[in-house]
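# Working through the structure, step by step
One-letter residues, chain by chain:
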Amino acid sequence: MAISTFNGGIHPPEYKELTENCAFEIMPSPEEIILPVSQHLGKDAQPVVKKGDEVFAGQLVAKAEGFISAPIHSSVTGKVLSIGKEVTPSGFPKDSIIIKTDKNSSAEKILLPPLDPETITPDEIRQRVAEAGIVGQGGAAFPTYVKLSPPKDKQIDVVILNGCECEPYLTRDYRFMIERPDDLIEGFKLILKALGVNRGVIGIENNKPEAIRILSEKVKSHSGLEVISLKTKYPQGAEKMLIKAVTGREVPPGKLPMDVGAVIQNIGTALAIYDAIVKGEVLITAALTVSGKGIKNPKNLLVPVGTPIHDVIDYCGGVTEDAVKIVVGGPMMGVAQFDLHAPVLKATSGILVLTKEEVEKSPETPCLRCGQCVGACPLNLVPTKLARYSQLQKYEEAEGADITVCMECGTCAYTCPANIPLVQWIRLGKQKVLQMQRERVTN
Ligand code: SF4
Ligand code: SF4
């Protein structure tokens, strides 16, 4: 039987072996945490505490503002030191609440009342997901309750749980799948209930046979659920690629998964929903892989949200002498860090410490017109042309060539034998075009 996948894509070295056998460890609270009020797509949350306030772990410290937003809760018990601009993993400073941890406090974290997953209604699921501050754990950090509230005219017939984890190095979703399969399935069923959908598919790349084996066995006792084994190929976990592989449906440019009847949720999101409903926990813990050949003790960790990156690195034994680069996220779509005071956020999936050997690239040379980037682009774009338009600041032409459709997966740059930083040029051009489009709307 053919293994499901999509057209294009690449096979970068996986490096999963560095952490795939590392069970989650709970990292102790750091001396202080930094909580940006924007850890999600949408409007910033609004602080409801001030300097000097005592707060408990699990307490609301910033409330959601508007429909697309999410509240922020403290991950430690302690005192608010200040509220002001702090560096974040994106590189941009954001308004943040700094809390000094009270290491002597014996206070229990604040929980919401647990709810019965059997009798809970779809509206109650959405309400709890919103209250718990759950955002998508796949990277974009879209508020989850919005994704569970599709417009009435969108007929959703399948929900896909994204177990691909196609970025090299990262193994946190894999660990979740093998460490908490029952909770994961219950969380997935709550998602299906919220959306009123009967069919749920867990898509897993075939480099995770243990996760496929465990979950395939578990879903047998749940009608409507199935596990599909997918080809190991980057970016198999991108929403459009996953929908194509699982359902055969194409999401047209500018459209959303729900336009073709599908909703995608991440493994960590399903577990956060389970924890919020069954245990009453708000989202104050980030699950992440700390890996790369430059970290002394690679681990999978459960970290208090807001923990500075340098504390996580110290907890993992520090960096090796040949470490040259630190990335938050995966190596393909992650962001290189220049200030390790930046905190771990709700949706942080990994911290990679890379050595010279892992990041070294040959110098850039002129385009060979080999077409490899075109063949590899999973969205059938022409990366070489998009990058060229961006370099030449021809933004109208870039718009016409669908630059805004690019999902910045980095596949083209990875495949280019001339080492042209295609995705970097495209990202720049895309920002300019989006800005141009915003100005058109406001003028
Ligand atoms: S970064 Fe954009 S242009 Fe390059 S392969 Fe990915 S989707 Fe295609
Ligand atoms: S892969 Fe690189 S060298 Fe080949 S056509 Fe694309 S940009 Fe040019």
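Residues numbered from 1 in each chain as written. Chains lettered and ligands numbered in written order. Predicted model: local features only at pLDDT ≥ 70, side-chain atom pairs only at ≥ 80, totals over all residues. Heavy atoms only, no water.

So, about the site of ligand 1. Around ligand 1, the surrounding shell holds 13 residues, and the nearest of these are Cys-377, Cys-406, Cys-409, Gly-410 and Cys-412. Counting residues per element, the ones that place at least two in the shell around ligand 1 are helix 13 (411-415) and helix 14 (422-442). Along the lines of polarity and charge, the residues of the shell around ligand 1 split into ten nonpolar, two polar and one charged. (Near = heavy atom within 4 Å. Helix = DSSP H or I, 4+ residues; strand = E, 2+ residues; numbered from the N terminus. Nonpolar A, V, L, I, M, F, W, Y, C, P; charged D, E, K, R; others polar.)

This paragraph deals with the sheet that holds strand 2 (residues 32-36). On the basis of which strands lie adjacent, the open sheet formed by four strands has the order 2-8-7-4 and antiparallel pairing. Edge positions in the sheet fall to strand 2 and strand 4 (54-55), since each of these pairs with one other strand and no more. Note: strand 4 against strand 7 (residues 78-87), two bridges, orientation antiparallel. Note that in strand 7 the partner of Glu-54 across the bridge is Lys-79. (Pairing = 2+ DSSP bridges.)

Bringing the side chain of Gln-265 into the picture now. Among the secondary structure elements, Gln-265 is positioned in strand 12 (residues 262-266). Exposure remark for Gln-265: the relative accessible area of 2% places this residue in the buried category. Apart from the residues lying within four places of it in its own chain, the contact partners of Gln-265 are Thr-144, Lys-147, Leu-148, Ile-160, Leu-161, Asn-162 and Ile-191. (Buried < 20%, exposed > 50% of the residue type's maximum accessible area, 1.4 Å probe, protein only. Contact = heavy atoms within 4.5 Å.)

For the pair helix 11 (residues 383-391) and helix 14, the least separation of the axes is 8 Å and the interaxial angle reads 55 degrees. Judged by the inter-axis angle, helix 11 sits oblique to helix 14. Here helix 11 runs over helix 14; the crossing is left-handed. Of the residues in helix 14, those touching helix 11 at Pro-383, Thr-384, Leu-386, Ala-387, Ser-390 and Gln-391 are Leu-422, Trp-425, Ile-426, Leu-428 and Gly-429. Split by residue class, the contact of helix 11 with helix 14 holds seven nonpolar, four polar and no charged. (Axes fitted to C-alpha atoms, helices over the stretch in contact; angles between N-to-C directions. Parallel < 35°, antiparallel > 145°, perpendicular 65-115°, else oblique. Left-handed = near helix turned anticlockwise from the far one by under 90°.)

Moving on: the domain arrangement of the chain. Looking at the assigned domains, one finds that the chain contains domain 1 (1-24 + 109-360) and domain 2 (372-442). Measuring from the centre of the C-alpha atoms in domain 1 to the corresponding centre in domain 2 gives 26 Å. Across the contact, 16 residues belong to domain 1 and twelve residues belong to domain 2. Carbon and sulfur atoms make up 70% of the surface buried where domain 1 meets domain 2, a total of about 1000 Å² over both sides. At the surface where domain 1 touches domain 2, the tally comes to zero salt bridges. In this structure, the connection of domain 1 to domain 2 is made through two residue pairs in polar contact (both at pLDDT 80 or more). Considered class by class, the residues forming the side of domain 1 that touches domain 2 number eleven nonpolar, four polar and one charged. (Domains from an automatic or database assignment. Buried area = accessible area lost by both parts, 1.4 Å probe. Salt bridge = Lys/Arg side-chain N within 4 Å of Asp/Glu carboxyl O. Polar contact = N/O pair within 3.5 Å; in protein donor to acceptor, adjacent residues only side chain to side chain.)

Let us now look at the pairing of strand 10 (residues 200-205). Each regular strand carries side chains that alternate between the two faces of the sheet. By the criterion of burial, strand 10 is predominantly enclosed, with six of the six residues buried. The alternating pattern of strand 10 places Gly-200, Ile-202 and Ile-204 on one face and Val-201, Gly-203 and Glu-205 on the opposite face, and all of these are buried. Looking at chain direction, strand 10 and strand 11 (residues 225-230) are connected through six bridges and run parallel. Note on strand 11: the bridge partner recorded for Glu-205 is Leu-230. Handedness of the β-α-β unit built from strand 10, helix 5 (residues 209-219) and strand 11 comes out right-handed. (Right-handed = clockwise from strand over helix to strand, strands pointing away.)

Moving on, we come to the site of ligand 2. Taken together, Cys-367, Leu-368, Arg-369, Cys-370, Gly-371, Cys-373, Thr-384, Cys-416, Pro-417, Ala-418, Ile-420 and Leu-422 make up the full set of residues near ligand 2. Here the shell around ligand 2 is composed, by residue class, of nine nonpolar, two polar and one charged.

We now examine the sheet that holds strand 14 (residues 299-304). Read from one edge of the open sheet, six strands run 1-14-13-17-15-16, paired in mixed fashion. Whereas interior strands pair on both sides, the edge strands pair on one side only; in this sheet they are strand 1 (24-26) and strand 16 (335-336). Pairing analysis gives three bridges linking strand 13 (residues 285-291) to strand 17 (residues 350-355), with the strands arranged parallel. Opposite Val-290, over in strand 17, you have Ile-351 as the bridge partner.

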